[in-house]
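Architecture at a glance
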Amino acid sequence: MQKNELPVPGSQPVSWREVVTRRHLLLLLVMCLAIWLHAANTLLAATTLPEAVGDIGGLRLISWAFALYLMGSIVAAAAASAFVARAGLRLAMLVSTLLYTLGCIACAAAPVMPVLLAGRTVQGLGGGALVALVFIAQNRFFPDRLIPRIVACLSLTWTASALSGPLIGGAFATAGLWRFAFWSFALQGLVLAALLYPMLARARSEAPLEARQLPVVRLMFIAGAILAISFAGAASSIAVSAVLLLAGCLCVWLFTVRDAAVSRRFRLLPEHATSLVHPVGCGIAMTFVLSLSMMSLSVYGPILLIRLYGLTSFEAGLVVVTESLGWGAGAFFLSGLVPAYEGRLIRLGSVLLAAGLAAQAWFVPHGPLWFVVTSAFIGNAGFGMIWGYVIKHVVASADRDDRDRASSMLPSTQQAAFAIGAALTGIIANVLGFERISQPGEFQTAALWLFGAFVPPALIGMWIAWRFSCLIAPTRSGVHGQHQATSEWFRSRWLRERRRVRR
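No experiment lies behind these values; they were computed from the predicted model shown.

Scanning the protein from N- to C-terminus turns up 19 helices and zero strands. Looking at the 503 residues of the protein, the share that counts as buried comes to 56%. The long-range share in the protein, meaning contacts at least 24 apart out of those at least 6 apart in sequence, stands at 83%. With the model as given, the accessible surface of the protein reaches about 20,800 Å², and the carbon-plus-sulfur share is 68%.

Here you go:
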């Protein structure tokens, strides 16, 4: 099957044997290493920075270490497609890897906290770019029908990092060697840089390079939005949180307006990125809303589990890790379906996610603990099982010139949604006076709101997912033989929908 052919009904499921071949395996391992470096380092800092603060000081700045890393990763992911158009995929990945390695070295050698913060920012820029570039490489080097299997491998890598990152950081910190944790990842970055050149040798002819400037002003709007929204969740005053949240939304609006004003060739957003009547916009919106609704357990789950169930910090962490296990399991076991069932799976996965979150809203406050674990696993398995198919169909539905933009847009959208979801949980906690709560009944009420408030967004995401599954119907039914014809079908359907709405 050629790269641009759509699967037809009755085709065989994709087997792992097709993925684990001499042609694909080495490149896949390099991509997994790139994902590992970013994901594991994100969690590594949670267990190493407390020890670092004791050594170099700067306790009041510790929240910036996470905010700047997140800001850098999202900004870099948003700029990835423009970077590839200017420098080529191989050079873009090499520069991103060296940036990441330089950030690790700066953190490892930091004498004071400001130097560590600078290192974390550079780490985020390199790591976020690597993630987006992995998705671009996935689209360029693997046939469309293999994409769900490839995404499953990347999801398993992310799950492994969720389990290993804190353990690695905790082991070094416990031994009083927190700097060596960052040195170890700097060494892994050098290994990746050495592997990239031969692995991506064929990338040179993938697309002609363009002499274009990086969109600095638009990227500054993204950076401002992420920082404002991140600190909105941590602000002690509700009024300050509201102002920061509005400032973040304003930056997002300014970014979209400025991006729409430039020539299509130089945009960061793919065509139809904001349209719910096109698979590209529908898939991006679904990714954003569903990702935003999933952050309650990660942010406030540990403290709620400790206070309500008497768990230790380690035991509460294991419950939270259940989310990553569910995501990885869903992606792995349901990544090779016959194409005719992909739309049904997307609908089922969105239902499981919304049902899992609704179950958490009841069982986290009231128990039993086993149901909390089960609902967290099921909800994240719902998203994990559909993630590969969402990527596959969004990228396949984009215009040929927009595929790099669509590929990099999805991970940056997901990371931005996670950041906004975490900030919203912080705002809800501030409204509830979470810091002043001490009684079990008050923690139960807080848990109900912290989880229940995100059930409506999850239901909206479920509705968008059902709409998305309808829009990709030609892919499932084989009405058209080529993605070019499918794009024309989407465009005509979009125009009919606009005329219907206007009437």
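That shown, we press on.
With that out of the way, let us pick up the environment of Pro302. Structurally, the position occupied by Pro302 is in helix H11 (residues 296-309). In this view, Pro302 contacts Leu297, Ala316 and Val320; residues no more than four positions away in its chain are not counted.

With 19 residues, helix H8 (residues 216-234) should cover 27 Å at 1.5 Å per step; its first-to-last C-alpha distance of 27 Å lies within 8% of that length. Arg218, Leu219, Ile222, Ala223, Ala225, Ile226, Ala228, Ile229, Ser230, Phe231, Ala232 and Gly233 are the residues of H8 that are buried. On the buried face of H8, the contacting elements are helix H3 (62-87), helix H9 (238-261) and helix H15 (403-431).

What follows is about the confidence of the model for the protein. With 88% of its residues at a pLDDT of 70 or more, the protein has an overall mean of 81. Counted against residues more than four places away or in other chains, residues 1-10, with its pLDDT under 50, gives 29 contacts. pLDDT under 50 marks residues 475-489. Its contacts with residues more than four places away, or in other chains, come to 37 contacts.

Moving on to helix H4 (residues 89-109). Between the first and last C-alpha of H4 there are 30 Å, a value that for 21 residues agrees with the 30 Å anticipated at 1.5 Å per step. For H4, the set of buried residues is Leu89, Arg90, Ala92, Met93, Ser96, Thr97, Tyr100, Thr101, Gly103, Cys104, Cys107 and Ala108.

What follows is about the side chain of Ser291. Note that Ser291 resides in helix H10 (residues 279-292). With a relative accessible area of 0%, Ser291 lands in the buried category. Separated by 2.7 Å, the side chain of Ser291 and the backbone oxygen of Thr287 make a polar contact. Setting aside residues no more than four positions away along its own chain, Ser291 makes contact with Phe383, Gln414, Ala417 and Phe418.

Time to look at the nonpolar core. Counting 138 residues, the largest nonpolar core has Leu116, Leu304 and Phe434 as the members making the most contacts within it. It is helix H2 (residues 25-56) that provides the largest number of residues to this core, a total of 17 residues. Here Leu116 is in contact with Leu49, Ala52, Ile56, Ala65, Cys107, Ala110 and Trp178, once residues within four sequence places are set aside.

Before going further, it helps to spend a moment on the pattern of salt bridges. A side chain with one charge may pair with a side chain of the opposite charge, provided their charged atoms come close. One pass over the full model with this rule turns up six salt bridges. Across the salt bridge formed by Glu342 and Lys392, the nearest N and O atoms sit 2.8 Å from each other. Placement of the pair is Glu342 in helix H13 (residues 342-366) and Lys392 in helix H14 (residues 369-397), with a sequence separation of 50 residues. Its salt-bridge partner being Arg405, residue Asp402 comes within 2.4 Å of it at the nearest N-O pair. Among the residues examined, Asp402 registers a relative accessible area of 2% and is labelled buried.

Moving on to unusual backbone geometry. The step from Gly367 to Pro368 runs through a cis peptide bond, and the omega angle for that step is 0°. Its place among the elements puts Pro368 in the loop between H13 and H14. At His272, a residue that is not glycine, the phi angle is positive and equals roughly 70°. The buried category is assigned to His272, whose relative accessible area is 12%.

With that out of the way, let us pick up the packing of aromatic side chains. The tally for this structure, following the rule as stated, stands at eight aromatic pairs. Centre to centre, the rings of Phe332 and Phe333 are 5.1 Å apart; their planes meet at 90°, and the pair counts as edge-to-face. Assessed through its relative accessible area of 64%, Phe333 is described here as exposed. Among the aromatic residues, ring-to-ring pairing joins Trp327, Phe383 and Trp387 into one connected group. Its guanidinium or amino end placed over the ring of Trp466, Arg347 lies 5.5 Å from that ring's centre, counting from NZ or CZ.

This paragraph deals with the packing of H2 against helix H6 (residues 147-174). Two numbers describe how H2 lies on H6: the axes approach to 7 Å, and their chain directions differ by 30°. For the element pair H2 / H6, the angle class is roughly parallel. With respect to the hand of their crossing, H2 and H6 are arranged in right-handed fashion. A class-by-class count of the residues in the contact of H2 with H6 yields 18 nonpolar, nine polar and one charged.

With that settled, the discussion passes to the side chain of Thr287. Looking at the element boundaries, Thr287 is found in helix H10. Setting aside anything within four residues of it in sequence, one finds Thr287 in contact with Phe383, Trp387, Val390, Leu410, Thr413 and Gln414.

With that settled, consider the environment of Leu459. Among the structural elements, Leu459 can be located in helix H17 (residues 455-471). With 102 residues separating them along the chain, Leu459 and Leu357 place their C-alpha atoms 9.9 Å apart.

Turning to a nonpolar patch on the surface, a few remarks are in order. Together, Leu98, Leu187, Leu190, Val191 and Leu195 line one region of the surface with nonpolar side chains, adding up to about 440 Å² of accessible area. The biggest single contributor to the nonpolar patch is helix H7 (residues 178-199), with four residues.

What follows covers the environment of Arg258. Position of Arg258 relative to the elements: it lies in helix H9. Those residues in contact with Arg258, other than ones at most four positions away along the chain, are Val217, Arg218 and Phe221.

Looking now at the packing of H10 against H17. Between H10 and H17, the least distance of the axes is 8 Å, while the angle of their chain directions is 155°. In terms of orientation, H10 and H17 fall into the roughly antiparallel class. The two elements H10 and H17 cross, and the hand of that crossing is left-handed. In contact with Pro279, Cys282, Gly283, Ala285, Met286, Val289, Leu290 and Leu292 of H10, H17 contributes Pro457, Ala458, Ile460, Gly461, Met462, Ile464, Ala465, Arg467, Phe468 and Leu471. For the contact of H10 with H17, a count of residues per class yields 15 nonpolar, two polar and one charged.

Rules used in this analysis
- Residues numbered from 1 in each chain as written.
- Predicted model: local features only at pLDDT ≥ 70, side-chain atom pairs only at ≥ 80, totals over all residues.
- Heavy atoms only, no water.
- Helix = DSSP H or I, 4+ residues; strand = E, 2+ residues; numbered from the N terminus.
- Buried < 20%, exposed > 50% of the residue type's maximum accessible area, 1.4 Å probe, protein only.
- Contact = heavy atoms within 4.5 Å.
- Areas by Shrake-Rupley, 256 points an atom, 1.4 Å probe, with all protein chains shown as cover.
- Expected span 1.5 Å × (residues − 1).
- pLDDT = per-residue confidence, 0-100.
- Polar contact = N/O pair within 3.5 Å; in protein donor to acceptor, adjacent residues only side chain to side chain.
- Core = buried A, V, L, I, M, F, W, Y, C linked by side-chain atoms within 4.5 Å.
- Salt bridge = Lys/Arg side-chain N within 4 Å of Asp/Glu carboxyl O.
- Phe/Tyr/Trp six-rings, centres within 6.5 Å; stacked < 30°, edge-to-face > 60°.
- Lys NZ or Arg CZ within 6 Å of the ring centre and 35° of its normal.
- Axes fitted to C-alpha atoms, helices over the stretch in contact; angles between N-to-C directions.
- Parallel < 35°, antiparallel > 145°, perpendicular 65-115°, else oblique.
- Left-handed = near helix turned anticlockwise from the far one by under 90°.
- Nonpolar A, V, L, I, M, F, W, Y, C, P; charged D, E, K, R; others polar.
- Patch = residues over 30% accessible without salt bridge, like charges linked within 9 Å, V, L, I, M, F, W, Y side chains within 5 Å.

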